Structures are given as structure tokens and as C-alpha cells.
Amino acid sequence: AGILNFCANNYLGLSSHPEVIRAGVEALEQFGAGLSSVRFICGTQSIHKDLEEKISRFHQREDAILYASCFDANAGIFEALLTPEDAVLSDELNHASIIDGIRLCKANKYRYRHMDMQDLEAKLQEAQKHRLRLVATDGAFSMDGDIAPLQEICQLAEKYEALVFIDECHATGFLGPNGRGTDELFGVMDKVTIINSTLGKALGGAAGGYTTGPKPLVDLLRQRSRPYLFSNSLPPAVVGCASKALDLLMESNAIAQSMAAKTQRFRSKMTAAGFTISGQDHPICPVMLGDARLASAMADDMLSRGIYVIGFSYPVVPKGKARIRVQISAVHSDEDIDRCVEAFTEVGRKHGALP
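Residues numbered from 1 in each chain as written. Predicted model: local features only at pLDDT ≥ 70, side-chain atom pairs only at ≥ 80, totals over all residues. Heavy atoms only, no water.

Participant: Help me understand the overall build of the protein chain in this model?
Facilitator: If you tally the helices and strands in the protein chain, you get 13 helices and 12 strands. Whereas a compact globule of 355 residues would reach a radius of gyration of roughly 20 Å, the protein chain reaches 21 Å, a difference of no more than 12%. Considering only C-alpha atoms, the protein chain reaches an extent of 55 × 55 × 30 Å along its principal axes. Considering the protein chain as a whole, with its 355 residues, one finds that 55% of them fall into the buried category. Taking contacts inside the protein chain between residues at least 6 apart in sequence as the whole, the part at least 24 apart equals 72%. (Helix = DSSP H or I, 4+ residues; strand = E, 2+ residues; numbered from the N terminus. Rg over C-alpha atoms; globule rule 2.2 N^0.38 Å. Buried < 20%, exposed > 50% of the residue type's maximum accessible area, 1.4 Å probe, protein only. Contact = heavy atoms within 4.5 Å.)

In C-alpha cells:
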């Protein structure tokens, strides 16, 4: 009883929002449990088309295409878009789904050092011999809570005539003035060509992913993207929940705006207590501990104090960089955040992580 969850991707608290739940129930009752089909056979209902239109409007793009997950969206885009004449340039700490998606394509592959713009420029210069160049990066990196320098990336892409792809799973819904993501945060919405993101985190928290961008790209994916062609369409209840979540975001930016103050409260109080918090003003707040056993033991003791967090260690993160990844949600009150900091302070002193 009384356990506070500080390790979910439920950034906006919408997975338990009564209007989101009601929309899922209504979609289930009206459209059924599922369609037993892929989209191009008999798996497309009006709600799927409506949600795709809503996603493209939210991101201010021409079109969008739904997938069972963003992992599928990342698995489906590179192979469909890039040929052996092309090049893809990927941040070394990109999400596993981006890495796997790039492995599936036959393009020439370049990996640049994490958020290192000098290295990216060197790789772009080297890639000039290829027909098309695509820079691929997470908008926000899920293990460290840091945010890609999109302004610099877009400047380099413009200089070397490259396209920009961003994975916005840990940004959609709460970064930027209206929660549209890192491209809105940095004022480069017109310079990012392709966005992949998820419905399974801030936008309802259930499942589903998507690609949004130019209409010709989406048309191509509908014909050639294997995860789209060979996976069942999203269940109506999931579509209903995600659609209502987007409605709430487009009606008001109040929920998205509330995240900044809550994130700052946790980060500043934890830093004042003596902890090292990785990342930059993101609700992903990794408490860096270094030792895997320490991270695990502290997480166990946090649970006994009513705070649910999980220790991360190799191979999920590099050796020697074990951490407890805390994630702030809009539904955390100031009192909840203070209770979490107090528990961390007690547990940290007990295990020698604090003086």
C-alpha cells in the first residue's frame, strides 16, 4: 500500500486519465477487440485513419503511418527508404531499435560519437560520395536523459545536404512549449524530415508507434515497410486511448508545461543532497552510482520505503555506469517528489553512496 511508481514512461499520467480510459472503453464497445488482420487486407477502420491524421496534425507534418510499436516503426523505415547507394549516420548511443533497423538496410553505415558534432561533420564529409545521406538520432536518450543538439545537427544536415531522422519516444507529449518534441523545443520543426515515436509512453501508455513526415515517404512505407505490411493493425481500444490523449494535448499545453517545474524540483533537490544526476532538464533523471550491486541494493531498499525504482547495470548501460533511473510524471505531486528525495537520501547514507 502507498507505493509510488518512479520508473514508468507515463510522463503525463495519461495511462490512468479517466477520459483516456473512457475513450478506450468506447472504442472497444463500438469497434470490437481487434480486426484479426493486417491493415491492407481488412485491418483498417475509420479510427485508424483518424488517428494517423491527428498525429500528423500534432507534429505539423503531411502524413503519418501507424505501427504495432515504435520498435516496429524503426525496424521498418531504413530498409524501405535507403539503398546501397545511400548512407546513414547514427549516434553511437541510439536506441537498440534504431540500431537494429539500420542493420536491416543495405546503406553505408557511419556511427558518430555521442552528440559530438565535430565527429558528425567529419562523417558527413566522408559520406558525400553517397547518393542520399540520413542522420539518425534519438531526440532524447532514454538511459542518460540527455537531449540531442538538434539545432547543430540540422545546420550540418543543411550544409551537407542530408536528411534528419529523430526518434521521439522520450520527448513526444512533454518536450517543447506544446509537447510536440525536441524539434519544437529547439525551433527546428521545419528542418527535421522524419519523426518516429510511440503511443506507448506519454500518449496513453499502452502500445503502438508511428512514422510521420512527407506524404511520399508515408506512401512508400505503406507499400514496402515489412512490419507495417505483416503485423496486425492496432486494437481499437489502444487507438481510442491514444486519440483521446492527443486531443487533451492539443486542447491545452498545461500538462506538458507542468513537467518542467516537477523535473527541476527533483533534480535540484537530489543534487543538493549530494547525488550525481545525469542528463539535461529531462524527466528521465538517472541517479549515477557506478556499482551494479549498489544500484540493485538501493533500489530494493527504496521499495521498502514506498518508492518503486529499478537499478540499471551492464549490459543495459556500460560497465561502471550503473544507475537508478528515476522518471518524473505529471501526476507526481511536490510531496511525492520530496518523499522520493528523502528516501534516496536515507538509503544513500545507509549504503555509503552519500557522506
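Participant: Can you help me understand the domain arrangement of the protein chain in this one?
Facilitator: Interfaces are frequently sized by the accessible area removed from exposure as the parts join. Domain annotation for the protein chain reports domain 1 (16-251) and domain 2 (253-351). The gap between the C-alpha centroids of domain 1 and domain 2 is 27 Å. In this assembly, 17 residues from domain 1 lie in contact with 18 residues from domain 2. Interface area, domain 1 with domain 2, both sides summed: about 1400 Å², of which 56% is carbon and sulfur. For the pair domain 1 and domain 2, the interface holds one salt bridge. The salt bridge partner of aspartate 144 is arginine 323, with a shortest N-O separation of 2.9 Å. In this structure, the connection of domain 1 to domain 2 is made through 10 residue pairs in polar contact (both at pLDDT 80 or more). Tallied by class, residues from the side of domain 1 that touches domain 2 come to nine nonpolar, six polar and two charged. (Domains from an automatic or database assignment. Buried area = accessible area lost by both parts, 1.4 Å probe. Salt bridge = Lys/Arg side-chain N within 4 Å of Asp/Glu carboxyl O. Polar contact = N/O pair within 3.5 Å; in protein donor to acceptor, adjacent residues only side chain to side chain. Nonpolar A, V, L, I, M, F, W, Y, C, P; charged D, E, K, R; others polar.)

Participant: Mind showing me how you'd approach the UniProt feature "domain: Aminotransferase class I/classII large" (unreviewed entry) in the protein chain here?
Facilitator: Under the local residue numbering, the UniProt record ascribes the feature "domain: Aminotransferase class I/classII large" (unreviewed entry) to residues 3-344. The distance separating the terminal C-alpha atoms of residues 3-344 is 15 Å; by composition the span is 43% helix and 16% strand. (UniProt positions renumbered as here; feature names shortened; annotations may be inferred.)

Participant: How should I be thinking about the pattern of salt bridges in this particular structure?
Facilitator: Here the idea is simple: oppositely charged side chains can pair when their charged atoms come close. Counted by the stated rule, this structure contains 20 salt bridges. Residue aspartate 86 is joined to arginine 131 by a salt bridge in which the shortest nitrogen-to-oxygen separation is 2.8 Å. Taken together, the residues aspartate 86 in the loop between helix H3 (70-81) and strand E3 (87-91) and arginine 131 in the loop between helix H5 (117-126) and strand E5 (133-138) connect sequence positions 45 residues apart. Of the residues examined, aspartate 86 reaches a relative accessible area of 0% and is grouped as buried. Residue arginine 180 pairs with glutamate 184 through a salt bridge whose shortest N-O separation is 3.7 Å. Arginine 180 sits in the buried class, given a relative accessible area of 14%. Here the salt bridges do not stand alone but share partners, grouping Arg113, Asp116, Asp119 and Lys123 into one network.

Participant: Explain H3 here, please?
Facilitator: Every α-helix carries 3.6 residues per turn, so stepping three or four residues along brings you back to the same face. Counted at 1.5 Å a residue, the expected span for H3 with its 12 residues is 16 Å, and the 17 Å between its end C-alpha atoms agrees. Regarding H3, the residues found buried are Cys70, Asp72, Ala73, Asn74, Ala75, Gly76, Ile77, Phe78, Ala80 and Leu81. Backbone nitrogen of phenylalanine 71 and a side-chain oxygen of the N-cap are separated by 3.3 Å at the start of H3; the cap is serine 69. (Expected span 1.5 Å × (residues − 1).)

Participant: Any chance you could explain the sheet that holds E5 here in plain terms?
Facilitator: Strands belonging to one sheet form pairs held by backbone hydrogen bonds; the direction of such a pair is parallel or antiparallel. Taken in spatial order, the seven strands of this open sheet run E2-E8-E7-E6-E5-E3-E4, and their pairing is mixed. The open sheet has two edge strands, strand E2 (63-67) and strand E4 (108-112), and neither has a second partner. The sheet shows a mean angle of 20° between the axes of neighbouring strands, taken without regard to direction. Sheet strands in contact with H3 are E2, E3, E5, strand E6 (163-167), strand E7 (194-198) and strand E8 (209-213), and its direction is about 155° off that of E7. (Pairing = 2+ DSSP bridges. Axes fitted to C-alpha atoms, helices over the stretch in contact; angles between N-to-C directions.)

Participant: Where do I start with helix H10 (residues 236-251) in this structure?
Facilitator: For H10, spanning 16 residues, the distance from its first C-alpha to its last is 22 Å, which sits close to the expected 22 Å at 1.5 Å a residue. Looking at H10, one finds that the buried residues are Pro236, Val238, Val239, Gly240, Cys241, Ala242, Ser243, Ala245, Leu246, Leu248 and Leu249. Buried residues in H10 make contact with helix H1 (18-31) and helix H2 (46-59).

Participant: Looking at this structure, how should I read the sheet that holds strand E11 (residues 311-312)?
Facilitator: Taken together, three strands build an open sheet; the order of strands is E9-E12-E11 and the sheet is antiparallel. Of all strands in the sheet, those with a lone pairing partner are strand E9 (284-290) and E11, marking the two edges. Pairing geometry for E9 and strand E12 (residues 322-327), over six bridges, is antiparallel. Residue methionine 288 lies in a different strand from E12, and its bridge partner there is arginine 323. Sitting on the sheet, helix H11 (residues 254-273) touches E9 and E12, and the angle it makes with E9 is about 20°.

Participant: Please clarify how the pairing of E3 should be interpreted in this entry.
Facilitator: Along a regular strand, successive side chains alternate from one face of the sheet to the other. With five of its five residues buried, E3 lies for the most part within the structure. Here E3 shows no split at all, with Ala87, Leu89 and Asp91 on one side and Val88 and Ser90 on the other all buried. Relative to E4, E3 runs parallel, the two sharing five bridges. When the bridges of E4 are listed, serine 90 appears paired with arginine 111. Across four bridges, E3 lies against E5 in parallel orientation. Residue pairing across strands places alanine 87 opposite arginine 133, the latter belonging to E5.

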